[in-house]
Amino acid sequence: MIRNAFMSLLLFTLLTGIIYPLAVTGIAQAIFPHQANGSIIMKDGKPIGSALIGQQFDDPKYFWGRPSATGPYPYNGGASSGSNRGTNHPDLVKSAQGRIDALRASDPSDTGPVPVDLVTASGSGLDPHISPAAAEYQAKRVARVRGLDEAKVHALVAAYIEPRQFGIFGEPVVNVLELNLALDELK
């Protein structure tokens, strides 16, 4: 009986601990190498981020992403989490108001409603996307600070809108890092 138990342990250790992970990794590397390696975005041969994890942008010349609730620093992939604060929690209201104040201060002429995804963190705190409405809200500020034609910035936003997955899942989104990189390429 002990021999059978040991052989079962050895067999399942080999199958689930070695053979299966190697097979899945090999298939992923063969079929989806970019995604299997973290969807790393390169610029001038250097990695600058992942298309799957947000980054902190607070310079007015860039589009800003969703706030991050991770600690001890924003967009910490090792501490993925939301804030766990309810809608009536004073700290959530205070942080949302602080973000609204920062957005208003960066472009005082924009008195329209601030899209909710610019003032609230996602459930993971790592979301690299914002809604097209959030990108459009910031386009005027970005164009003004960079001295660009506003129509050109709106066209760039439109070009970077990712549709619903498979046409049915989720909502259209804009990847903030990819949009900001394209913005840097504009002359």
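Residues numbered from 1 in each chain as written. Predicted model: local features only at pLDDT ≥ 70, side-chain atom pairs only at ≥ 80, totals over all residues. Heavy atoms only, no water.

Notes on the packing of helix α3 (residues 90–106) against helix α4 (residues 132–146)
1) Next: One can describe the packing of α3 onto α4 by two numbers: an axis separation of 10 Å at closest approach and a directional angle of 40°. Here α3 is positioned oblique relative to α4, judged by the angle of their axes. Taken together, the residues of α4 that come into contact with α3 (itself represented by L103, R104 and S106) are Y137, R141 and R144.
2) Next: Grouping the constituent residues of the contact of α3 with α4 by class yields two nonpolar, one polar and three charged. (Axes fitted to C-alpha atoms, helices over the stretch in contact; angles between N-to-C directions. Helix = DSSP H or I, 4+ residues; strand = E, 2+ residues; numbered from the N terminus. Parallel < 35°, antiparallel > 145°, perpendicular 65-115°, else oblique. Contact = heavy atoms within 4.5 Å. Nonpolar A, V, L, I, M, F, W, Y, C, P; charged D, E, K, R; others polar.)

Things to note about helix α6 (residues 176–185)
1) Next: Among the 10 residues that make up α6, seven are buried, leaving the element largely enclosed by the rest of the structure.
2) Next: Within the span of α6, buried status applies to V176, L177, L179, N180, L181, A182 and L183.
3) Next: One side-chain oxygen at the N-terminal end of α6 lies 3.1 Å from the backbone nitrogen of L177; it belongs to N175. (Buried < 20%, exposed > 50% of the residue type's maximum accessible area, 1.4 Å probe, protein only. Polar contact = N/O pair within 3.5 Å; in protein donor to acceptor, adjacent residues only side chain to side chain.)

A closer look at the packing of aromatic side chains
1) Next: This model, assessed by the stated rule, comprises two aromatic pairs.
2) Next: Between the aromatic rings of F57 and Y62, the centroid separation amounts to 5.5 Å while the plane-to-plane angle is 45°, which identifies the pairing as tilted. Each member of the pair, F57 as well as Y62, carries the same accessibility label: buried.
3) Next: Judged by centre distance (6.3 Å) and plane angle (85°), the rings of F166 and F169 are edge-to-face.
4) Next: Geometry around W64 places R141 over its ring, the cationic atom sitting 4.3 Å from the centre.
5) Next: Seen from the ring of Y62, R146 lies directly overhead, with NZ or CZ sitting 4.9 Å from the centre. (Phe/Tyr/Trp six-rings, centres within 6.5 Å; stacked < 30°, edge-to-face > 60°. Lys NZ or Arg CZ within 6 Å of the ring centre and 35° of its normal.)

A closer look at the sheet that holds strand β3 (residues 129–130)
1) Next: Within the open sheet, the three strands sit side by side as β3-β5-β4. Their pairing is antiparallel. A strand with exactly one partner marks an edge of an open sheet, and here the two such strands are β3 and β4 (161–162).
2) Next: Here β4 runs beside strand β5 (residues 173–175); their pairing, made up of two bridges, is antiparallel. When the sheet's bridge partners are listed, E162 is paired in β5 with V173. (Pairing = 2+ DSSP bridges.)

Some details on unusual backbone geometry
1) Next: One non-glycine residue, S39, adopts positive backbone phi at about 50°.
2) Next: Take S39: it is sitting in the loop between α2 (33–36) and β1 (40–43).
3) Next: When its relative accessible area of 6% is taken as the criterion, S39 is described as buried.
4) Next: Look at D44: it is not a glycine, yet its phi comes out positive at around 55°.
5) Next: For D44, the location among the structural elements is in the loop between β1 and β2 (46–50).
6) Next: Of the residues examined, D44 reaches a relative accessible area of 75% and is grouped as exposed.

A few points about the environment of Q56
1) Next: On the secondary structure map, Q56 appears in the loop between β2 and α3.
2) Next: Among all residues touching Q56, those that are not within four sequence positions of it are P74 and Y75.

A look at the nonpolar core
1) Next: Counting residues in each nonpolar core, the largest one holds 29 residues, and the members touching the most others are F63, L103, L118, I130, A135, V153 and L179.
2) Next: Elements supplying a minimum of two residues to this core: α3, α4, α5 (150–159) and α6.
3) Next: Beyond its immediate sequence surroundings of up to four residues, L103 is in contact with W64, V114, L118, V119, Y137 and R141. (Core = buried A, V, L, I, M, F, W, Y, C linked by side-chain atoms within 4.5 Å.)

So, the confidence of the model for the chain
1) Next: For the chain, the mean per-residue pLDDT works out to 92, and 99% of the residues sit at or above 70.
2) Next: Within the chain, no element has a lower average pLDDT than α3, which sits at 89, and none a higher one than β5, at 97. (pLDDT = per-residue confidence, 0-100.)

Some details on the side chain of D110
1) Next: Mapped onto the fold, D110 is located in the loop between α3 and β3.
2) Next: Although D110 is buried, it forms no salt bridge, and the closest oppositely charged side chain is R104 at an N-O distance of 5.0 Å.
3) Next: Side-chain polar atoms of D110 contact the backbone nitrogen of G112, separated by 3.1 Å.
4) Next: With residues up to four places along the chain from it excluded, the contact list for D110 reads R104 and Y137. (Lys, Arg positive; Asp, Glu negative; His and termini not counted. Salt bridge = Lys/Arg side-chain N within 4 Å of Asp/Glu carboxyl O.)

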